Amino acid sequence: MGPESVLTKKAEEATGTPATEVPSNNEYDYSNFYYSSSDDLFAIFGPYDDWWYGSARNNGYYLFSQPMSTRPGPQIELEEQLNHKALQLLNLASYNYLGLSYHPEVIAAAKAALDHYGLGAAGSPILSGTMDLHLTLEKELAAFKKKEAVMVFPTGYSTNVGLLSALLRPGDWAIMDQNVHASIVDGVIMSKANARFFRHNKPEDLEKKLKGTSGKRLVILEGVYSMDGDTAHLPELVAIAKKAGARVMIDEAHSTFVYGKEGRGVAEHFGLEDQIDIHVGTFSKALGGQGGFVAGSQGLYNYLMGFARSRVFSCALAPAVTAGVLAALRVAQREPELRTNLWKNVAHFRGLMDAAGVDVAESTSQIIPIMIRNDRKILGIARKLQQAGLYLQPIIYPAVAKHRSRFRVSISSTHTTDQLNRAAGILVDTLRAEGVIEA
């Protein structure tokens, strides 16, 4: 029995799928290993490893989680995991939108905090983990967001999970845009509230999904959607939610410190900050750090103190990271030219893509998807991009739906025009060679 037959037999035994329905090794993806019909919890590991080592890794999955040995700047060095060689690459994949992760003031603040406080907080925020730095960051963020209070969480993921599982209960309703982040979906699942999704950015479908619901309801939106790079149709969506008497939450992970006159996000851009009840943001994107926050009323803060389990039962944000984020917040407010240069770079790169006929979907932000829509072809294109000197990661299932594969460009204010031109040249030449765009 050859390796292909062995894999098919193992997959059939583990998943309960007849051999005639089991795809060939090259047709597998993560979805084929989600369920197992075996009574043994570990039965799926064998066929999964056969797929992983037999084809998936060498055919392109090795591109994920390759270790970088430099800061996430416009140019990076990483160890390519197929042949284990060091590569120097132009970087269009990092969320470091304002280049603040390596700003001198940010690094200096983190170093000083490391000397003073040590490595970690060494405790939960409600017990021994809260330090004066955490309270200073929360106070300055609240002033920046023009809200009564801000609560800091150790990660962006834990922010949404903790917030939503704290607020929602069985019988309540969460009505979400279908493109919201996985952390939002997971938080709603943990809450055991009723969940409905409305079609992405479609106000009329939100109105339809709100009908027939009653009691406590929360409409959940994002400022910039992380995979498509488009902004929420906020005025129409908020108006419908308010008309129905629902509360509104917005996750501005990719738009805080980037959108709005003062950088407060898409809600500020549309003048709707006071009509939105809960504002969520992260430190790992534009501020170049780690962590997340919830901004809102003092009552919300007080309630989350007792019920946000992902915060209550996690170690507090490391003091060195907290100090660095605090410094980055101050720099971002003091130097609006960082945002100005970011948007200049976005316009320049978008112009290069438009001129070449590259499909960037509905993006209007610093996140520019390069649509491929071919799950089997994109990994080969990604290998060729990396070989040509460009770090631009493929996005495939389960991060996006099947046949919605794309590359996701993240523009930074620290990219030079020359770097953007060279990166665009590599990208366009490769897409033409692969028949994705016309020659």
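On a predicted model such as this, the values are computed, not experimentally measured, just so you know. (Residues numbered from 1 in each chain as written. Predicted model: local features only at pLDDT ≥ 70, side-chain atom pairs only at ≥ 80, totals over all residues. Heavy atoms only, no water.)

> Go over helix 14 (residues 378-387) with me, naming the residues and quoting the values.
Within helix 14, seven of the 10 residues are buried, which leaves the element mostly enclosed by the surrounding structure. Among the residues making up helix 14, those that are buried are I378, L379, G380, I381, A382, L385 and Q386. Turning to helix 14, the residues buried within the fold contact strand 1 (75-80), strand 2 (85-91), strand 11 (390-391), strand 12 (394-395), strand 13 (406-410) and helix 15 (417-433). Within two residues after helix 14, G389 carries a phi angle of roughly 110 degrees, on the positive side. (Buried < 20%, exposed > 50% of the residue type's maximum accessible area, 1.4 Å probe, protein only. Helix = DSSP H or I, 4+ residues; strand = E, 2+ residues; numbered from the N terminus. Contact = heavy atoms within 4.5 Å.)

> Tell me about the packing of aromatic side chains, and name the residues and values.
One pass over the structure, following the stated rule, counts 17 aromatic pairs. Judged by centre distance (5.3 Å) and plane angle (85 degrees), the ring pair of F33 and Y48 falls under edge-to-face. With a gap of 15 residues between them, F33 in the loop between helix 1 (3-15) and helix 2 (45-56) and Y48 in helix 2 connect regions that are remote in the sequence. Accessibility expressed as a relative area gives 9% for F33, which makes it buried. Taken together, the ring pairs in this structure connect Y28, Y30, F33, Y48, W51, W52, Y61 and F64 into an aromatic cluster. (Phe/Tyr/Trp six-rings, centres within 6.5 Å; stacked < 30°, edge-to-face > 60°.)

> Let's hear about the nonpolar core: which residues, and what values?
If you look at the biggest cluster of nonpolar residues, it comprises 116 residues, and the most contacted ones within it are L141, L234, F349 and I370. With eight residues, the single largest contributor to this core is helix 12 (residues 319-334). Ignoring anything within four residues of it in the chain, the contact list for F349 reads L92, I368, V409, I411, L420, A424 and L427. Counting residues in hydrophobic clusters, the runner-up holds five residues, among them I76, L78, L89 and Y391. (Core = buried A, V, L, I, M, F, W, Y, C linked by side-chain atoms within 4.5 Å.)

> Describe the pattern of salt bridges, and please don't skip the residues or the numbers.
Under the definition given, this model contains 17 salt bridges. For R334, the salt bridge is made with E335, and the minimal N-O distance between the two is 3.0 Å. Among the charged side chains, a network of salt bridges with common partners joins E105, R334 and E335. (Salt bridge = Lys/Arg side-chain N within 4 Å of Asp/Glu carboxyl O.)

> Could you give me a rundown of the confidence of the model for the chain, with the residues and numbers involved?
Scored by pLDDT, the chain has a mean of 93; 94% of the residues are at 70 or more. For residues 1-12, every residue scores under 50 in pLDDT, and the model assigns this stretch 22 contacts once sequence neighbours within four places are set aside. Contacts from residues 17-25, a stretch scored under 50 in pLDDT, to residues over four places away or in other chains number 17 contacts. (pLDDT = per-residue confidence, 0-100.)

> I'd like a rundown of the side chain of E434, residues and numbers included.
Mapped onto the fold, E434 is located in the segment after helix 15. Taking relative accessible area as the criterion, E434 reaches 18% and is therefore assigned buried. Apart from the residues lying within four places of it in its own chain, the contact partners of E434 are K377, I381 and K384.

> Explain a nonpolar patch on the surface residue by residue, including any values.
Taken together, the side chains of L41, F42 and F45 make up a nonpolar region of the molecular surface, amounting to roughly 370 Å² of accessible area. Tracing the sequence through the fold places F42 in the loop between helix 1 and helix 2. (Patch = residues over 30% accessible without salt bridge, like charges linked within 9 Å, V, L, I, M, F, W, Y side chains within 5 Å. Areas by Shrake-Rupley, 256 points an atom, 1.4 Å probe, with all protein chains shown as cover.)

> Now, about the pairing of strand 1: what can you tell me, with residues and values included?
Judged from the six bridges that link them, strand 1 and strand 2 form a sheet pairing that is antiparallel. Across the sheet, residue I76 finds its bridge partner in strand 2, namely L89. Connecting strand 1 to the antiparallel partner strand 2 that follows it, the hairpin turn spans four residues, and H84 within it adopts a positive phi of roughly 55 degrees. (Pairing = 2+ DSSP bridges.)

> Give a description of unusual backbone geometry that names residues and reports values.
Here the amide bond leading from Y397 into P398 is cis, since omega sits at 10 degrees, within 30 degrees of zero. Position of P398 relative to the elements: it lies in the loop between strand 12 and strand 13. Positive phi outside glycine occurs at K146, with the angle close to 60 degrees. Mapped onto the elements of the fold, K146 is located in the loop between helix 4 (132-145) and strand 3 (149-153). Its identity is not glycine, yet N201 carries a phi of approximately 60 degrees, on the positive side. Mapped onto the elements of the fold, N201 is located in the loop between strand 5 (194-198) and helix 7 (203-210).

> Residues and numbers for the layout of surface pockets, please.
Put simply, the largest pocket is a space of about 920 Å³. Within the residue set of the lining of the largest pocket, elements represented by two or more residues are helix 5 (156-167), helix 6 (182-191), strand 12 and strand 13. The element that contributes the greatest number of residues to the lining of the largest pocket is helix 6, accounting for four residues. Partitioned by chemical class, the residues of the lining of the largest pocket number 17 nonpolar, 14 polar and eight charged. In this structure, the lining of the largest pocket is formed jointly by two domains, domain 2 (65-91 + 336-433) and domain 3 (103-334), each of which donates at least three residues. (1 Å grid on protein atoms, 1.4 Å probe; cavity = no way out; pocket = protein on both sides within 12 Å on 5 of 7 lines; lining within 4 Å. Points joined across faces, edges and corners; volume = space filled by probe spheres on them. Nonpolar A, V, L, I, M, F, W, Y, C, P; charged D, E, K, R; others polar. Domains from an automatic or database assignment.)

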